[in-house]
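Commentary on secondary and tertiary structure
Below are the chains, spelled out letter by letter.
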Amino acid sequence: QVQLVESGGGLVQAGGSLRLSCAASGRTFSLGWFRQAPGEKREFVATINWRDSTSDYADSVKGRFTISRDIPKKMVYLQMNSLKPEDTAVYYCAARVVGPYLGYIEGDYPYWGQGTQVTVSS
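Right, let's walk through the structure included here. (Residues numbered from 1 in each chain as written. Predicted model: local features only at pLDDT ≥ 70, side-chain atom pairs only at ≥ 80, totals over all residues. Heavy atoms only, no water.)

Some points on the packing of aromatic side chains
- Tallied over the full model, the rule gives five aromatic pairs.
- Arranged with centres 5.8 Å apart and planes meeting at 75°, the rings of Phe 34 and Phe 44 form a pair that is edge-to-face. Taken together, the residues Phe 34 in strand S4 (residues 30-36) and Phe 44 in strand S5 (residues 43-49) connect sequence positions ten residues apart.
- When its relative accessible area of 1% is taken as the criterion, Phe 34 is described as buried.
- Taken together, the aromatic side chains of Phe 34, Phe 44, Tyr 104, Tyr 109 and Trp 112 make up a single cluster linked through ring pairs.
- The ring of Tyr 92 has Arg 42 lying over it, and the distance from NZ or CZ to the ring centre is 3.8 Å. (Phe/Tyr/Trp six-rings, centres within 6.5 Å; stacked < 30°, edge-to-face > 60°. Helix = DSSP H or I, 4+ residues; strand = E, 2+ residues; numbered from the N terminus. Buried < 20%, exposed > 50% of the residue type's maximum accessible area, 1.4 Å probe, protein only. Lys NZ or Arg CZ within 6 Å of the ring centre and 35° of its normal.)

See the structure below:
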């Protein structure tokens, strides 16, 4: 069983930065971040291999966002730089405990946090 709690969302100006945090309990093999804007479907943002920290990103955030993890603290982070208004969404942390160490779709992740709101103003 895994429990996830996100934090760090808020309001930021376009071009600014924000760091999201996800506290994880239980054993995990891969972690991911997804986001969902009003009226839109949830979309993949980033994923990380818990064992060796290899990671991958959606094309829309490559070069701007960085996912990382801290094993002793059982935390995963999403550092968001050069934020754009189109990044505005509720951001969700997700985890899986078996199978591939990177996950790109909602079905890859049995466990989800409650979400944290990120709003980017122009």
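That was the structure; now back to the text.
Concerning unusual backbone geometry
- The backbone phi angle of Ser 53 is positive, close to 70°, even though this residue is not glycine.
- By the element assignment, Ser 53 lies in the loop between S5 and strand S6 (55-57).
- According to the relative accessible area criterion, Ser 53 is partly exposed, its value standing at 33%.
- One non-glycine residue, Lys 74, lies in the positive phi region at around 55°.
- Among the residues examined, Lys 74 registers a relative accessible area of 45% and is labelled partly exposed.

Section: the pattern of salt bridges
- Here the structure, examined in full by the defined rule, presents four salt bridges.
- When the shortest N-O distance is used, the salt bridge between Arg 35 and Glu 43 registers 2.7 Å.
- Taking relative accessible area as the criterion, Arg 35 reaches 6% and is therefore assigned buried.
- You can call Glu 43 partly exposed: its relative accessible area is 34%.
- For the salt bridge of Asp 87 with Arg 64, the shortest nitrogen-to-oxygen distance reads 2.8 Å. Linking Asp 87 in the loop between strand S8 (75-80) and strand S9 (89-96) with Arg 64 in the loop between S6 and strand S7 (65-70), this pair joins segments that are 23 residues apart in sequence.
- Looking at Asp 87, the relative accessible area reads 1%, which means it is buried. (Salt bridge = Lys/Arg side-chain N within 4 Å of Asp/Glu carboxyl O.)

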